[in-house]
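Structural features, examined
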Amino acid sequence: MEDPVRARRLAVLLLPVLLCGCLEVDQHPGWKEGQYAGKRDNRHFQTRFHGDRFAWMATIMNRNDKQNEYNRANP
């Protein structure tokens, strides 16, 4: 029969080896034919403003103006 202390030490030494298998795998899509093979993400102006970039920029500028405390305090 083996020594329980020795078996415990061996388990402690092998624990990092077992936990190495739990690391997160690389989730980036690969390259195919020299190009990125992942999904193309649309910009906000493409999804919410039907591709009108100037309308999106105007909305952002209006929102920023309304958040400016100097403009709100001294109209």
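**Structural notes on helix α1 (residues 4–20)**
- Taking 1.5 Å of rise per residue, the 17 residues of α1 would be expected to cover 24 Å, and the 25 Å separating its terminal C-alpha atoms lies within 8% of that figure.
- The largest bend in α1 comes to about 35°, at Leu14, with the proline Pro16 one to four residues further on.
- Summarising burial for α1: zero of the 17 residues are buried, a small minority.

**Some words on the packing of aromatic side chains**
- What the rule picks out here adds up to two aromatic pairs.
- For the pair Trp31 and Tyr36, a centre-to-centre distance of 6.3 Å together with 75° between the ring planes defines the contact as edge-to-face. Both residues of the pair, Trp31 and Tyr36, count as exposed.
- Consider the rings of Phe45 and Trp56, whose centres lie 6.0 Å apart with planes at 45°: the pair is tilted. Remark: Trp56 occurs in helix α3 (residues 53–66) and Phe45 occurs in helix α2 (residues 44–47); sequence separation between them is eleven residues.
- Residue classification places Phe45 among the buried residues on the basis of a relative accessible area of 13%.

About the criteria used
Residues numbered from 1 in each chain as written. Predicted model: local features only at pLDDT ≥ 70, side-chain atom pairs only at ≥ 80, totals over all residues. Heavy atoms only, no water. Helix = DSSP H or I, 4+ residues; strand = E, 2+ residues; numbered from the N terminus. Expected span 1.5 Å × (residues − 1). Bend = angle between axes of the 7 residues up to and from the residue. Buried < 20%, exposed > 50% of the residue type's maximum accessible area, 1.4 Å probe, protein only. Phe/Tyr/Trp six-rings, centres within 6.5 Å; stacked < 30°, edge-to-face > 60°.

From the geometry alone we can't say anything about function, so treat these as descriptive.
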